[in-house]
Amino acid sequence: MKVLEQRSAFLSDLEVDGVLNELAARQEALVSQGASYSTALDSENLRTIQYELKEYLDKSPCSLYKIEQMRSLLQQLKQWPLTKVEKLMIINQLPNCRAELEPLVDELDTRFDDDQVEELLGIIISTLGKRPAGGDGDDGEVVSGTATDDTSMMDAETVTT
Amino acid sequence: MFVLSRIEDVVRLAPDSFSSSTELALTRAINGKFANKVVDGLGLCVCLYDIVGATDGTVKAGDGGAYLNVEFTLVVFRPFRGEVLTGRVAGYDGGGIKVSLGFFDDIHIPPGKLFAGMSYDLAAQGYVWTTDDGEKLDIVVDDTVRFRVDHDRFHDCTPGKKGEAMDPKLAPYSIIGAMDRTGLGVTGWWAE
């Protein structure tokens, strides 16, 4: 096995979510064509990572907006002096306020004045939306389940032929 | 968090897969080999993204399977240094805080990479951050936290290296994080 390019591109969480959805749709199509669930789902490892990753992404900010909104935001941010990874983190983390934007953008204070920071947050919120208040796990929201929960869910889903 | 990696590998297709299309058979084989596995130096492989190209299948003597040289791209979980991620507190002790993403658990935040006023309170058996304003904020299991990726570590888990036993505690790929700046830590601390 040879790694030709360790990192040929970055993928945003939303794009990975899209890949997982396509994979699931393909598996569904195979099942409806008559293949048993076990062959369509290819392997246990794939099932595991698919399920666990989908669970994580469904609770992450990328579940709040669509790809068109993401493209629109990137278009609007073109004029802003932000690096590619800063824009990627903004899309993935969806900062709602200045404190949440600070860890994503290096030296925020020196590069942008207060008005610009407000403007930037405004663009983010108006294009992608705001993360729901209190939905961050502190208020008893169930974030990812424990390992045992996951496996029991999987058993219920798998159709044994 | 995720990157695309281009790989070249030899894939063996078993004879019973000859009835399906090459593309489907290769997809199955590659997903079967790489899904949810750590490739040393690369990261945690998620699934196949696309197949760039494949040679015709060659047959070896005594083996009915077809061997193809395939070039493909994989979706790989490999956060970059300095990236900010959101996860759930899985546990903690005097040695640090363990954070989990659900699909990836080997994230550790050592005490040296926490906020300056944060320390392990033996009485409360937990981490407490005494802020400049005198507020005491604690971290509890299942809290949603934001952390920065400080660096990551790969551990070669090849079995049987010169007779040394495999250490089950050493993960093939682990991330060391930090929660030491504004915006990091429990998300509820910074929400407006």
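Values in this document were obtained by computation on a predicted structure and should not be read as measured data. (Residues numbered from 1 in each chain as written. Chains lettered and ligands numbered in written order. Predicted model: local features only at pLDDT ≥ 70, side-chain atom pairs only at ≥ 80, totals over all residues. Heavy atoms only, no water.)

Caption draft 1: Spatial organisation of a negative patch on the surface. All names here are of chain A. The grouping of Asp113, Asp115, Glu118 and Glu119 at the surface amounts to a negative patch. As for its placement among the helices and strands, Glu118 is situated in helix 8 (residues 114-128). Look at Glu118 and you get exposed, because its relative accessible area is 51%. (Patch = residues over 30% accessible without salt bridge, like charges linked within 9 Å, V, L, I, M, F, W, Y side chains within 5 Å. Areas by Shrake-Rupley, 256 points an atom, 1.4 Å probe, with all protein chains shown as cover. Salt bridge = Lys/Arg side-chain N within 4 Å of Asp/Glu carboxyl O. Lys, Arg positive; Asp, Glu negative; His and termini not counted. Charge placed at Lys NZ, Arg CZ, Asp CG, Glu CD. Helix = DSSP H or I, 4+ residues; strand = E, 2+ residues; numbered from the N terminus. Buried < 20%, exposed > 50% of the residue type's maximum accessible area, 1.4 Å probe, protein only.)

Caption draft 2: Here's a closer look at the packing of helix 1 (residues 13-32) of chain A against helix 1 (residues 22-34) of chain B. Interhelical geometry of helix 1 of chain A versus helix 1 of chain B gives an angle of 120° and a closest axis separation of 14 Å. By the angle class used here, helix 1 of chain A and helix 1 of chain B are oblique. Read as a crossing pair, helix 1 of chain A and helix 1 of chain B show a hand that is left-handed. Across the interface between the two elements, Leu23, Arg26 and Leu30 of chain A from helix 1 of chain A touch Glu23, Leu24, Thr27, Arg28 and Asn31 of chain B from helix 1 of chain B. Its residues assigned to classes, the contact of helix 1 of chain A with helix 1 of chain B comprises three nonpolar, two polar and three charged. (Axes fitted to C-alpha atoms, helices over the stretch in contact; angles between N-to-C directions. Parallel < 35°, antiparallel > 145°, perpendicular 65-115°, else oblique. Left-handed = near helix turned anticlockwise from the far one by under 90°. Contact = heavy atoms within 4.5 Å. Nonpolar A, V, L, I, M, F, W, Y, C, P; charged D, E, K, R; others polar.)

Caption draft 3: Structural view of the interface of chain A and chain B. Taken together, the 45 residues of chain A in the interface contact 53 residues of chain B. Looking only at chain A, the three residues that lose the most surface to chain B are Met1, Ile49 and Tyr56 of chain A, adding up to 13% of its buried area. The closest approach of N and O atoms between Arg146 of chain B and Glu100 of chain A, which form a salt bridge, is 3.5 Å. Across the contact surface, chain A and chain B share twelve residue pairs in polar contact (both at pLDDT 80 or more). Of all elements in the fold, only strand 1 (2-11), helix 1, helix 3 (44-58), helix 5 (84-93) and helix 6 (98-101) of chain A reach the threshold of two or more residues within the side of chain A that touches chain B. The element best represented in the side of chain A that touches chain B is strand 1 of chain A, accounting for ten residues. Looking at the side of chain A that touches chain B, its residues break down into 23 nonpolar, ten polar and twelve charged. Relative to strand 1 (residues 2-13) of chain B, strand 1 of chain A runs antiparallel, the two sharing six bridges. If you follow Phe10 of chain A over to strand 1 of chain B, its bridge partner there is Val3 of chain B. (Buried area = accessible area lost by both parts, 1.4 Å probe. Polar contact = N/O pair within 3.5 Å; in protein donor to acceptor, adjacent residues only side chain to side chain. Pairing = 2+ DSSP bridges.)

Caption draft 4: Expanded view of unusual backbone geometry. Residue and element names in this part refer to chain B. Despite not being glycine, Asn36 has its phi angle at roughly 60°, a positive value. As for its placement among the helices and strands, Asn36 is situated in the loop between helix 1 and strand 2 (37-39). With phi around 85°, Asp142 is a residue other than glycine that occupies positive phi space. Position of Asp142 among the secondary structure elements: in the loop between strand 11 (136-138) and strand 12 (144-154). We classify Asp142 as partly exposed; its relative accessible area is 38%.

Caption draft 5: Spotlight on the side chain of Ser12 of chain A. You can see Ser12 of chain A is positioned in the loop between strand 1 and helix 1. Exposure remark for Ser12 of chain A: the relative accessible area of 1% places this residue in the buried category.

Caption draft 6: Structural context of the packing of aromatic side chains. Going through the model one piece at a time under the given rule, you end up with 18 aromatic pairs over all chains. Taking 5.4 Å as the distance between ring centres and 75° as the angle between the ring planes, the aromatic pair formed by Tyr56 of chain A and Phe103 of chain B counts as edge-to-face. Taken together, the residues span two chains, with Tyr56 of chain A in helix 3 and Phe103 of chain B in the loop between strand 7 (96-100) and strand 8 (107-109). Since its relative accessible area comes to 12%, Tyr56 of chain A is described here as buried. Here the guanidinium or amino end of Lys60 of chain B rests over the ring plane of Tyr67 of chain B, the centre of that ring lying 4.2 Å away. (Phe/Tyr/Trp six-rings, centres within 6.5 Å; stacked < 30°, edge-to-face > 60°. Lys NZ or Arg CZ within 6 Å of the ring centre and 35° of its normal.)

Caption draft 7: Highlighting the confidence of the model for chain A. On average, residues of chain A score 81 in pLDDT, and 78% of them reach the 70 mark or higher. Long-range and interchain partners of residues 135-161 of chain A, a stretch whose pLDDT sits below 50, account for 34 contacts in this model, where long-range means more than four residues apart. (pLDDT = per-residue confidence, 0-100.)

Caption draft 8: Looking closely at the environment of Glu22 of chain A. Relative to the helices and strands, Glu22 of chain A resides in helix 1. Placed 26 residues apart in sequence, Glu22 of chain A and Thr48 of chain A show a C-alpha to C-alpha distance of 16 Å.

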